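Commentary on secondary and tertiary structure
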Amino acid sequence: MKAAIYHQFQGSVDIMQVPDPVCPSDGVVLKVGATGLCRSDWHGWMGHDADIVLPHVPGHELAGTIVEVGRQVARYRVGQRVTLPFVCSCGGCPQCASGNHQVCDHQFQPGFTAWGSFAEYVAIERADLNLVELPGEIGFETAASMGCRFITSFRAVVDQGKVQPGQWVAVHGCGGVGLSAIMIAAASGANVVAVDIDDEKLELAKQLGASAVINNCSQNPEAAIMDVTGGGAHISLDALGSKETFFSSVNSLRKRGKHIQVGLMLADQALPVVPMSRVIAWELEIIGSHGMQAFRYAEMLEMIKAGKLQPEKLIRRTVTLEEGAAGLVSMNEFRSNGITVINRFK
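Notes on the structure in this doc start here. (Residues numbered from 1 in each chain as written. Predicted model: local features only at pLDDT ≥ 70, side-chain atom pairs only at ≥ 80, totals over all residues. Heavy atoms only, no water.)

1. Describing the sheet that holds strand 9 (residues 191-196)
- Spatially, 6 strands are ordered 10-9-8-11-12-13 in an open sheet, and the strand pairing comes out parallel. In this open sheet, the two strands that pair with only one neighbour each are strand 10 (212-215) and strand 13 (285-288). Between one strand axis and the next, the sheet turns by 20 degrees as a mean value, whatever way the strands run.
- Relative to strand 11 (residues 233-238), strand 8 (residues 168-172) is paired through 4 bridges, and the arrangement is parallel. Considered in strand 11, the bridge of valine 169 is made with isoleucine 235. (Pairing = 2+ DSSP bridges. Helix = DSSP H or I, 4+ residues; strand = E, 2+ residues; numbered from the N terminus. Axes fitted to C-alpha atoms, helices over the stretch in contact; angles between N-to-C directions.)

2. Notes on unusual backbone geometry
- Going from leucine 54 to proline 55, the amide bond is cis rather than trans, its omega being -10 degrees.
- Here proline 55 lies in the loop between helix 1 (39-46) and strand 4 (62-69).
- Even without being glycine, lysine 162 reaches a positive phi, approximately 50 degrees.
- In this fold, lysine 162 is placed in the loop between helix 4 (140-160) and strand 8.

3. Structural notes on the packing of helix 7 (residues 221-229) against helix 8 (residues 243-251)
- Where helix 7 contacts helix 8, the two axes come as close as 9 Å, and the packing angle between them is 30 degrees. As summarised for this structure, helix 7 and helix 8 are arranged roughly parallel, according to the angle between their axes. Crossing handedness for the pair helix 7 and helix 8: right-handed. Of the residues in helix 8, those in contact with Pro221, Glu222 and Met226 of helix 7 are Phe247, Ser248 and Asn251.
- Counted by class, the contact of helix 7 with helix 8 contains 3 nonpolar, 2 polar and 1 charged residues. (Parallel < 35°, antiparallel > 145°, perpendicular 65-115°, else oblique. Left-handed = near helix turned anticlockwise from the far one by under 90°. Contact = heavy atoms within 4.5 Å. Nonpolar A, V, L, I, M, F, W, Y, C, P; charged D, E, K, R; others polar.)

4. Quick look at the packing of aromatic side chains
- Applying the stated rule across the entire model yields 1 aromatic pair.
- Across the ring face of phenylalanine 140, the terminal group of arginine 81 is positioned such that the distance to the ring centre comes to 4.8 Å.
- The ring of tryptophan 282 carries arginine 278 above its face, with NZ or CZ at 4.2 Å from the centroid. (Phe/Tyr/Trp six-rings, centres within 6.5 Å; stacked < 30°, edge-to-face > 60°. Lys NZ or Arg CZ within 6 Å of the ring centre and 35° of its normal.)

5. Overview of the pairing of strand 12 (residues 253-261)
- Strand direction decides the pairing type here: strand 11 and strand 12, joined by 5 bridges, are parallel. Along strand 12, the bridge assignment pairs alanine 233 with leucine 253.
- Once you follow strand 11 into helix 8 and on to strand 12, the crossover reads as right-handed.
- Sheet topology places strand 12 next to strand 13; 4 bridges connect them, and they run parallel. Each residue of the ladder has a partner; that of glutamine 261, found in strand 13, is glycine 288. (Right-handed = clockwise from strand over helix to strand, strands pointing away.)

6. Topic: the nonpolar core
- One finds Ile182, Leu237, Met300 and Leu309 to be the most contacted residues of the largest nonpolar core, which totals 56 residues.
- If you list the elements that add at least two residues to this core, you get helix 4, strand 8, helix 5 (176-187), strand 9, helix 6 (199-207), strand 11, helix 10 (297-305) and strand 15 (339-344).
- Take this core: its biggest share by element is 11 residues, from helix 4.
- Non-local contacts of isoleucine 182, meaning those with residues more than four positions away in its chain, are made with Val171, Cys174, Val192, Ala194, Ala205, Leu208, Gly209 and Ala210.
- Core analysis: the next-biggest nonpolar cluster, separate from the first, contains 37 residues, Val32, Phe108, Phe112 and Leu321 among them. (Core = buried A, V, L, I, M, F, W, Y, C linked by side-chain atoms within 4.5 Å. Buried < 20%, exposed > 50% of the residue type's maximum accessible area, 1.4 Å probe, protein only.)

7. Section: the state of the cysteines
- Overall, the coordinates contain 0 disulfides when judged by the stated rule.
- For cysteine 93, which is in no disulfide, the shortest distance to another cysteine sulfur is to cysteine 96 and amounts to 3.6 Å. (Disulfide = S-S within 2.5 Å.)

8. Here's the deal with the pattern of salt bridges
- In total, this model carries 10 salt bridges according to the counting rule given.
- Notably, a salt bridge pairs arginine 155 with aspartate 159, separated by 3.8 Å at the nearest N-O pair. Of this pair, arginine 155 and aspartate 159 both sit in helix 4, separated by 4 residues, roughly a single helical turn. This pair shows no difference in class: arginine 155 is buried, exactly as aspartate 159 is. (Salt bridge = Lys/Arg side-chain N within 4 Å of Asp/Glu carboxyl O.)

9. Some thoughts on a nonpolar patch on the surface
- Taken together, Val274, Met276, Ile280 and Ile286 make up a surface patch of nonpolar side chains, about 350 Å² in accessible area.
- Judged by its relative accessible area of 40%, isoleucine 286 is partly exposed. (Patch = residues over 30% accessible without salt bridge, like charges linked within 9 Å, V, L, I, M, F, W, Y side chains within 5 Å. Areas by Shrake-Rupley, 256 points an atom, 1.4 Å probe, with all protein chains shown as cover.)

10. Remarks on the environment of aspartate 26
- Following the sequence through the fold, aspartate 26 ends up in the loop between strand 2 (14-17) and strand 3 (28-37).
- The exposure class assigned to aspartate 26 is partly exposed, which follows from its relative accessible area of 27%.
- Sequence separation between aspartate 26 and aspartate 128 is 102 residues; the distance between their C-alpha atoms is 7.7 Å.
- In this structure aspartate 26 touches Gln72, Val73, Glu125, Arg126 and Ala127, once residues within four positions along its chain are discounted.

11. Looking at helix 6
- Taken together, the buried positions of helix 6 are Lys201, Leu202, Leu204 and Ala205. One side of helix 6 carries all its buried residues, which in axial view fall inside an arc of 155 degrees. Looking at helix 6, the residues exposed on the side facing more than 90 degrees away from the buried face are Asp199, Glu200 and Gln207.
- Along its buried surface, helix 6 packs onto helix 5, strand 9, strand 10 and strand 14 (315-320).
- Following helix 6 by one or two positions, glycine 209 has its phi on the positive side, about 125 degrees. (Arc of directions from axis to C-beta.)

See below:
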C-alpha cells in the first residue's frame, strides 16, 4: 500500500510503498476514506510523543470502510463505514470500568502507538469496543473532520464544562480545536467569545457562532473578556496549548468558573505558570479534556444529523496524501484556517 512515513523525528515525510497491515484477531483493517491533518501529528513528528517507534506512519483522525475482520470481532462486518476515537480503549482497566475509555490505562492509538491513517489501509485493534458506524448522511470527510479535535471539544464543552444555555464561553485559539468548540458551545445555547491573533480566523469564528471576537494583538484578552461577559466567562478553553493562552484562559473566568485545557501542552510549553491565588480565592476549576469515548458519539451524531452541528464547515481544504505529508511538517506555522483533510490516496 501507499503510505506517508518518516524514519527520523523532524526528518522528511516520504511517500512509499509499505506492506499492507495485518488484521488483528480482535480488530479490523480499514480502507481509509479520509483522514485529518492535525497538530497532534506534528507533535508526533517533532518527537514529543514517547509512544512513537520509528519508522512511523502518522494519522489518527480517520474514517473508512471495513475490508477485513478479525475472528474475535462480533459487531462489525466487511463493507461497513466507520470512524473511531483516537484513544481506543481496552475495556478491562479501572478507567474503562468507570466509563472513562478516553483515559484507558492500556490505550491503542492509531498514529501514535501503532501506524496510522496516512495510508491506503490501517489496522484497528479492539474493534467491538471502539468503532462507530457512520450514518449514511455523514461522509468520510466530515467524519475525519470530527477526528480528535471535534470530539475532544465536544467532550470539553458538553461533558467536562457542562455548558448551559445563556452561559459565557471563552475560547482561546481559533484553530481546528477552537473553531470546533465555538460551534459546539454556540449550538448548546452559550454566548461565545473567540480569541486569536488572526482577523481571518476571528471572522470564521463569527460565522460559526461566536458572539464576540477579540484580537489579542490589539486588546488585552483578559480585560476584554471581563468587559464583554460582565464579569468573566463561566467556561474558558485553551484550545491552542501555550503558557500564554493557558494563563489568559484561567484569568478570564468569573468566580467559580471552569478552565478546560484542550490544547496539548508539550515540550517547552509543558509547565505553565498557574495563578493559584486566583484559583483558590475564586474557587476556580482547572479541568483536562482528552478525547471522547466511542459510546458518547451517539449524541453528537444525532446533533449532526439534525443540522445543529455542521463539522464539515470547518473543512477548508481537501488534499492528496502527498500534499498532506508536505503540510504536516509546516503545521506549526499556522498558515491555514480550519481543518485540512486528506481524501485522495492514489
